[in-house]
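A closer look at the structure
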Amino acid sequence: MRALVINCTLKSFPAASNTEALAGVVVQELRERKVEVEIVRAVDVDIRPGVQTNMGHGDEWPQIHRKLLNAEILVIASPTWVGRPSSLAQRVIERMDAMISETDDEDRPVAYNRVAGVVVTGNEDGAHHVISEIAGALGDIGYTIPGQAWTYWHLGPGAGPDYLDSDQGREWSHKTGRAMAANLVAVAEALAARPIPAPPQ
């Protein structure tokens, strides 16, 4: 089984990413469950604006699209900015919109029989809003969203330290992240055993 984690941090590699650090808890649990995991930082890929799979002119989204089709599990990881997903998370969702009209050899939407979850960080509240926006969009595209397929960390109201600078709340976020990974694998295995058929005509 394969998983793709798209980190929508605004920080280019090799800068430390709070979002990737929390996503790493999910990644570790997935790997312990024999899942092959690949992590991509969206900021380091030339993702052109648009809603097609290939926007041309140096667009590097097609390589991510291929990775999406090669993975049974998708994790979108985003920081919280002004109470919303990062601009890169929105860009990724917009590009994935093209998948709604793409089908496999059995006329199923290509996102069918794949599962997805969300990781969110931020030092102010808004995590549930970010989770609902991203998870809702992934469901529209065709992904199956298991129960409790998310984890998040935030400090609470007002400014303060980031995830990597504070131990506050980490135990809960890590426990929830491990549960998220377990639920993603369980539902992916169930779908592999009994796939969702093509929609009725």
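Attention here is on the structure that accompanies the text.

Criteria and cut-off values
- Residues numbered from 1 in each chain as written.
- Predicted model: local features only at pLDDT ≥ 70, side-chain atom pairs only at ≥ 80, totals over all residues.
- Heavy atoms only, no water.
- Buried < 20%, exposed > 50% of the residue type's maximum accessible area, 1.4 Å probe, protein only.
- Helix = DSSP H or I, 4+ residues; strand = E, 2+ residues; numbered from the N terminus.
- Arc of directions from axis to C-beta.
- Contact = heavy atoms within 4.5 Å.
- Axes fitted to C-alpha atoms, helices over the stretch in contact; angles between N-to-C directions.
- Parallel < 35°, antiparallel > 145°, perpendicular 65-115°, else oblique.
- Nonpolar A, V, L, I, M, F, W, Y, C, P; charged D, E, K, R; others polar.
- Expected span 1.5 Å × (residues − 1).

Turning our eyes to something else, we now look at helix H3 (residues 87–96). Regarding H3, the residues found buried are Leu 88, Ala 89, Val 92, Ile 93, Arg 95 and Met 96. The arc enclosing the buried residues of H3, seen along the axis, measures out at 165 degrees, which places them on a common side. Considering only its buried residues, H3 is in contact with strand S1 (2–7), helix H2 (61–69), strand S3 (73–81), strand S4 (84–85) and helix H4 (127–141).

It is worth spelling out the packing of H3 against H4 at this point. Running from N to C, H3 and H4 cross one another at 10 degrees; their axes reach a closest spacing of 10 Å. Classified by the angle their axes make, H3 and H4 are roughly parallel. Along its contact with H3, which presents Ala 89, Ile 93 and Met 96, the element H4 presents Ile 134, Ala 137, Leu 138 and Ile 141. Along the lines of polarity and charge, the residues of the contact of H3 with H4 split into 7 nonpolar, no polar and no charged.

All right, on to helix H5 (residues 170–193) then. The first and last C-alpha atoms of H5 sit 35 Å apart over 24 residues, in line with the 34 Å expected at 1.5 Å per residue. Of all the residues in H5, the buried ones are Arg 170, Ser 173, Thr 176, Gly 177, Met 180, Ala 181, Ala 182, Leu 184, Val 185, Ala 188 and Leu 191. Taken together, the buried residues of H5 touch helix H1 (18–32), S3, strand S5 (115–122) and strand S6 (150–154).

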